[in-house]
Amino acid sequence: AVDLLNFEQIHQLNMKTLFLFHFSFWRSLALGLVLTASMARQGQASHILSGYLGVVQTANDSVRLQVSLYLDSMGLISPQITVERWDLVGGHGQLNGSVGLIQQSVTTFQGVRIVAYLSPSMYLASGQYRFVYKHCCRNPLVMNMPTLAPAFPFVIGTDYTKGNASGQPGSLFNTPLFTSPVPFHLLEDTAQLLTFGSYLTEPDGDSLVVEADSILIDHGSSGFDAASMATALSVWGPYIVGPSTLNVLWRPDSAGLYAAGWRIKEFRNGQVIGIQRVQHHFRVVNSFPTSLIDLGLDEISTWDP
């Protein structure tokens, strides 16, 4: 009887142990699947290729922010994004909250989707500000590096000067706006002239200068840091930036994906009143598609900035 009792207790204990083992196994498996799905979702959401951030003055004391992001076909489109607001005093910045932007439109262009976001009109006193959008990571395949790049953050930003305005052109403080998308399909071993003057408009009549900038990975109180491992586009073929003409000339010698950065400086009365830091990428191909539909050129006219 004692042996039977001990056997029954041992049997029950083994069954409990087996149950706990199975429960722990399936729970771990479910958790692993959730984490895997989450990582895959984050990986898809990081497929941001290009973007810029602009400021539009809506009244004497208010502005709106707008952001355009280029996403590849695997990227997940967020219905809302958040932009950091920094107050700049004497060249140093202090984080002062964030601004939410809502998705306004999605347009397909040359095989990617351009997602436009807009903030509500918000009060902004005269002064100097920095607005920054940063995503946790960018697709490493678009980094112009000889080997697979680490997951650097995707960062774009605008240093913005807000002043009093009478509402007349020349008195408003708007950043330069992209009125058409910048092409990114380039042909290998062929010089491509990117005329920024045809993509940009300056509604206030201010002067603009386009400069080469590095790929950004983060920002601080005084400036932006560069991805030091990135290779300059000039290494991959002759590369010229004409600041006064707003033209960029590049003759890529290798097919592939290349990331680049631009600084668009805005001048008024000889003083810099704004700097937009734009991230962009180029897809260099051996030959162009024969169809305009395949290339996406038929959709330029429908793009809404």
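The coordinates are above.
Read on for an overview of the structure. Owing to the predicted nature of the structure, the values given are computational and were not obtained by experimental measurement. (Residues numbered from 1 in each chain as written. Predicted model: local features only at pLDDT ≥ 70, side-chain atom pairs only at ≥ 80, totals over all residues. Heavy atoms only, no water.)

If you trace the three strands from one edge of the open sheet to the other, you get β11-β17-β16, paired in antiparallel fashion. Two strands lie at the open edges of the sheet, namely β11 (192-195) and β16 (239-242), each paired on one side alone. Each adjacent strand pair in this sheet contributes to an overall mean axis angle of 10 degrees, direction not counted. The pairing of β16 with strand β17 (residues 247-250) spans four bridges and is antiparallel. By the bridge assignment, Val-241 is partnered in β17 with Val-248. (Pairing = 2+ DSSP bridges. Helix = DSSP H or I, 4+ residues; strand = E, 2+ residues; numbered from the N terminus. Axes fitted to C-alpha atoms, helices over the stretch in contact; angles between N-to-C directions.)

Let us now look at the pairing of strand β4 (residues 92-109). As judged from the nine bridges shared by strand β3 (residues 80-89) and β4, these two strands associate in the antiparallel manner. Bridged to Leu-88 within β4 is Gly-93. Where β3 folds back on β4, the antiparallel hairpin that results is connected by two residues, among which Gly-90 adopts a positive phi of roughly 60 degrees. Relative to strand β5 (residues 112-118), β4 is paired through seven bridges, and the arrangement is antiparallel. By the bridge assignment for β5, Thr-107 is matched with Ile-114.

A few words now on the packing of aromatic side chains. Following the criterion strictly, the structure yields eleven aromatic pairs and no others. Relative to Tyr-199, the ring of Phe-196 has its centre 6.1 Å away and its plane inclined at 75 degrees; by these criteria the two rings are edge-to-face. Pair noted here: Phe-196 and Tyr-199 are both in helix α2 (residues 196-199), with a separation of three residues, about one helical turn. Overall, Tyr-199 belongs to the buried group, its relative accessible area being 10%. One aromatic cluster in this structure is built from Phe-196, Tyr-199, Trp-236, Tyr-239, Trp-250, Tyr-258, Trp-262 and Phe-282. (Phe/Tyr/Trp six-rings, centres within 6.5 Å; stacked < 30°, edge-to-face > 60°. Buried < 20%, exposed > 50% of the residue type's maximum accessible area, 1.4 Å probe, protein only.)

Attention shifts here to the side chain of Arg-268. Within the secondary structure layout, Arg-268 lies in strand β18 (residues 256-268). In this structure the side chain of Arg-268 is engaged in a polar contact, spanning 2.6 Å, whose partner is the backbone oxygen of Leu-172. At 2.8 Å, the side chain of Arg-268 and the side chain of Asp-206 are in polar contact. In this structure, Arg-268 is in contact with Gly-170, Ser-171, Leu-172, Phe-173, Asp-204, Asp-206 and Ile-273, ignoring residues within four places of it in sequence. (Polar contact = N/O pair within 3.5 Å; in protein donor to acceptor, adjacent residues only side chain to side chain. Contact = heavy atoms within 4.5 Å.)

This brings us to the pattern of salt bridges. For the structure on display, the rule yields nine salt bridges. Of the charged contacts, one joins Arg-263 and Glu-211 as a salt bridge, the two residues approaching to 3.1 Å between their closest N and O atoms. Linking Arg-263 in strand β18 with Glu-211 in strand β13 (residues 207-213), this pair joins segments that are 52 residues apart in sequence. Its relative accessible area of 22% is what places Arg-263 among the partly exposed residues. For the salt bridge of Arg-263 with Asp-213, the shortest nitrogen-to-oxygen distance reads 2.9 Å. Placement of Arg-263 in strand β18 and of Asp-213 in strand β13 is noted, with a sequence separation of 50 residues between them. Here the salt bridges do not stand alone but share partners, grouping Glu-211, Asp-213, Arg-263 and Lys-265 into one network. (Salt bridge = Lys/Arg side-chain N within 4 Å of Asp/Glu carboxyl O.)

In this structure, Val-67, Leu-69, Phe-131 and Tyr-133 are the most contacted members of the largest nonpolar core, which totals 24 residues. Counting residues per element, the ones that place at least two in this core are β1 (48-59), β2 (62-71), β3, β4, β5, β7 (127-135) and β8 (154-162). The element best represented in this core is β2, accounting for five residues. Excluding its chain neighbours within four sequence positions, the residues that come into contact with Val-67 are Tyr-52, Leu-53, Ile-81, Val-83, Leu-101, Val-115, Ala-116, Tyr-117 and Ile-156. In this structure, Leu-200, Trp-250, Tyr-258 and Val-284 belong to the second largest nonpolar core, which totals 21 residues. (Core = buried A, V, L, I, M, F, W, Y, C linked by side-chain atoms within 4.5 Å.)

Below, the discussion takes up the environment of Gln-279. Summarising the element assignment, Gln-279 is placed in strand β19 (residues 271-285). With relative accessibility at 0%, the residue Gln-279 sits in the buried group. C-alpha of Gln-279 to C-alpha of Arg-263: the two residues are 16 residues apart in sequence and 9.1 Å apart in space. With sequence-adjacent residues up to four places away left out, Gln-279 is seen in contact with Ser-50, Gly-51, Arg-138, Phe-154, Val-155, Ile-156, Ser-214, Ile-215, Leu-216, Ala-260 and Gly-261.

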